[in-house]
Amino acid sequence: MVTFEEIKKSFLACIWFMFLTFPIMVIRVNTVQNEIEWRWKNMILIGIASFILSFFWRNLFRQKIKKGKQKDPYENTEKISIFQKVLKEKKYYFPGTVALCFFVIGFPLLFSLYQINIMITALIYVMLGLGLNIVVGLAGLLDLGYVAFYAVGAYSYALLHYHFGIGFWIALPLGGLLSAFFGILLGYPVLRLRGDYLAIVTLGFGEIIRLILENWNEFSFGPSGIANIPRPGFFGIKMSLEGHTIYLYYLMILLVLFTIFVVNRLQNSRIGRAWIALREDEIACQAMGIDKAKTKLTAFALGATWAGMGGVIFAAKTTFINPASFTIWESIIILCIVVLGGMGSIFGVISGAMILILLPEYLRAFSEYRMLIFGVVLVVMMIFRPGGIIPDIRRAYKYKSKETH
Amino acid sequence: MLKLIDVQTHYGKIQALRDINIEIHQGEIITLIGANGAGKSTTLMTTCGIVPPSSGDILFNGKSIVHMNPNRIVAMGISQVPEGRHIFPYLSVKENLDMGAFLRDDTDQIRKDMNYVFEIFPILAERQHQQGGTLSGGEQQMLAISRALMAKPKLLLLDEPSLGLAPIIVRQIFDIIKKINQENNTTIFLVEQNANLALKVADRGYVMENGRITMTDSAGNLLANDDVRKAYLGI
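Note that the structure is a prediction, hence the values are computed from the model and not measured. (Residues numbered from 1 in each chain as written. Chains lettered and ligands numbered in written order. Predicted model: local features only at pLDDT ≥ 70, side-chain atom pairs only at ≥ 80, totals over all residues. Heavy atoms only, no water.)

Some remarks on the overall build of chain B
Reasoning step 1: Assigned secondary structure in chain B consists of 10 helices and 10 strands.
Reasoning step 2: The C-alpha atoms of chain B give 17 Å as radius of gyration, which agrees with the globular expectation for 235 residues (18 Å, within 12%).
Reasoning step 3: Its C-alpha atoms put chain B at 45 × 40 × 30 Å along the principal axes.
Reasoning step 4: For chain B, with 235 residues in total, the buried portion stands at 57%.
Reasoning step 5: Split by element, the accessible area of chain B, about 9500 Å² in all, is 48% carbon and sulfur.
Reasoning step 6: When the 23 positive and 25 negative side-chain charges of chain B are each reduced to one mean point, those points stand 1 Å apart. (Helix = DSSP H or I, 4+ residues; strand = E, 2+ residues; numbered from the N terminus. Rg over C-alpha atoms; globule rule 2.2 N^0.38 Å. Buried < 20%, exposed > 50% of the residue type's maximum accessible area, 1.4 Å probe, protein only. Areas by Shrake-Rupley, 256 points an atom, 1.4 Å probe, with all protein chains shown as cover. Lys, Arg positive; Asp, Glu negative; His and termini not counted. Charge placed at Lys NZ, Arg CZ, Asp CG, Glu CD.)

Focus: the domain arrangement of chain A
Residues and elements named next belong to chain A.
Reasoning step 1: Taken domain by domain, chain A holds domain 1 (4-64) and domain 2 (111-384).
Reasoning step 2: Contacts between the two partners involve 4 residues from domain 1 and, on the opposite side, 4 residues from domain 2.
Reasoning step 3: Taken together, the two surfaces of domain 1 and domain 2 that pack against each other cover about 370 Å², and 86% of this comes from carbon and sulfur.
Reasoning step 4: Remark: the boundary between domain 1 and domain 2 carries 0 salt bridges.
Reasoning step 5: Inspection of the domain 1/domain 2 interface yields 0 residue pairs in polar contact (both at pLDDT 80 or more).
Reasoning step 6: Residues belonging to the side of domain 1 that touches domain 2 are distributed by class as follows: 3 nonpolar, no polar and 1 charged. (Domains from an automatic or database assignment. Contact = heavy atoms within 4.5 Å. Buried area = accessible area lost by both parts, 1.4 Å probe. Salt bridge = Lys/Arg side-chain N within 4 Å of Asp/Glu carboxyl O. Polar contact = N/O pair within 3.5 Å; in protein donor to acceptor, adjacent residues only side chain to side chain. Nonpolar A, V, L, I, M, F, W, Y, C, P; charged D, E, K, R; others polar.)

Focus on the pairing of strand β9 (residues 204-209) of chain B
Residues and elements named next belong to chain B.
Reasoning step 1: Burial of β9 is extensive: 5 of the 6 residues sit out of reach of the surface.
Reasoning step 2: The pairing of strand β3 (residues 29-34) with β9 spans 5 bridges and is parallel. Paired with G34 across the bridge in β9 is M208.
Reasoning step 3: Where β9 folds back on strand β10 (residues 212-218), the antiparallel hairpin that results is connected by 2 residues, among which N210 adopts a positive phi of roughly 45°. (Pairing = 2+ DSSP bridges.)

What to know about the interface of chain A and chain B
Reasoning step 1: Taken together, the contacts link 25 residues of chain A with 32 residues of chain B.
Reasoning step 2: Here chain A and chain B share an interface that buries about 2900 Å² over both sides, 56% of which is from carbon and sulfur atoms.
Reasoning step 3: Among the salt bridges present, the one from D105 of chain B reaches R270 of chain A, with a minimum N-O distance of 2.6 Å.
Reasoning step 4: In this assembly, chain A and chain B are joined by 7 residue pairs in polar contact (both at pLDDT 80 or more).
Reasoning step 5: Of all the elements, helix α11 (residues 270-280) of chain A adds the most residues to the side of chain A that touches chain B, at 6 residues.

Focus: the environment of T202 of chain A
Residues and elements named next belong to chain A.
Reasoning step 1: With respect to the helices and strands, the residue T202 is situated in helix α8 (residues 195-215).
Reasoning step 2: A residue is classified by how much of its surface remains accessible, and T202, at 0% relative accessible area, is buried.
Reasoning step 3: Along the backbone, T202 and G145 are 57 residues apart, and their C-alpha atoms lie at a distance of 4.7 Å.
Reasoning step 4: Residues within four places of T202 in sequence aside, it is in contact with L142, D143, L144, G145 and L186.

Spelled out as structure tokens, the structure:
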């Protein structure tokens, strides 16, 4: 039903937008001819567009509120997504898995080297997302400096190789361990912090690591970075570039599977429950006899471990690293992956990484509007699907299917 | 069982507790009453290690628990129901109870204990798959008490279980506190503003004012005491 009230509101929004965008969309100063060009047509277009958008927005919003009202608050009616339904039904589950397996295995044979490379990047982000998911999604500690651990991993491989000639396979666990160490190093002073304060400190930590790498020339070779980092070896067999890429792809698949396995186990373990308790209520968590300090530190350390391993792989993939790859922007992308995908949900994080990394690659034509689309998607998401694309299953139905006793 | 000896606690420079001496025996219900800001909650926080005392000693079954981590104190058998309930809002009732048994490994016994709390609070059994945050205030308090019971405590610390609840629910909860005490021989340390009800279920009581214990006696005597009646019972 369209009311006059709504048209009025949309109209006001449209006027406001025309006013707001007036300086950039209408006035153009031609500095060559020293004259001002008035582009009134733009103003009308913006007016129409914002009117329509605002109208639809309001409508969507109203429907959402209506839907919310219909829900029975006493029943756990959190909506189960189609994806979760598919997961539940054995009928779809098995063929789905098989098809996915074939696709994953056959991917390098079907697609070009360029596509494989993009996929490897996406898989690295899946790993990073799953790692950050431990810290943000499970333990509820907002970490904006996650990229620091990624950098630690990448630089530990690069430097260990440069100075000691250490290979990929030794550097992988070492990079993870070093990052875990840095995770604890960061975790220790922020044990008492929570929420906004924690976010700011971690943000600072991320920048500190980047700035150190950029300015400590003797140690990290500064902005010029480190080149000639070897790709991962396979029992000393020499491979072509294509062979290397395909090999790295399969390696990444294995590592992602390993990550999923470990994160899944962690989630259902005692420490996973402690993380969830910590996320939900710190005071209650202490009253339950959970060691708060230990829980927080393990979350930071384990989250950082995956970032470190991701960093080692990143260094091995690109064979060249410099501090420019580890800006705050990376942290934000990884955080977006977790939030967009669904905090605490493994499948959510995977789909989030795929969407956020693959889509921009394939939509290069719109690359100018990437940030705009990003922002819009996040805002729309937070309003209509606050739990993420595939929300944490635990909340939705985990205990529903279980028998009561 | 629990003995606080000359305990002093500071928040920064502010002294919250002055020379607190409290003794609780096995199987008793002890209540600590007092006005807002008297230091009742701090006494509990200090007992369970969240706010460590600046001086004095706390003995639990003869062993000093001062400067022990809160988690170790819980492991020794002191369980706390925090003020304002603090249930896990996004976990189901059952998961909340599971969290209470965090430090325990005996799965069968945990299940039995869960059935026991469902028995004393049947409403929780009905609501076991519902998120904790969707429960009403009274139900949340029941959940908080049940969750503490899941740790199988020897000593249960209750911080203002009547906070923000309707009188009829408060009475119900106090009846159950009494029941828990009688059935399991769980010692209970009850901090309350609702002095009248607290003194009715308790064996002994302590009265607190400005961080000091000003009076201690059997609950019956305190109820009859003129000063207490004037200050806390409004009679």
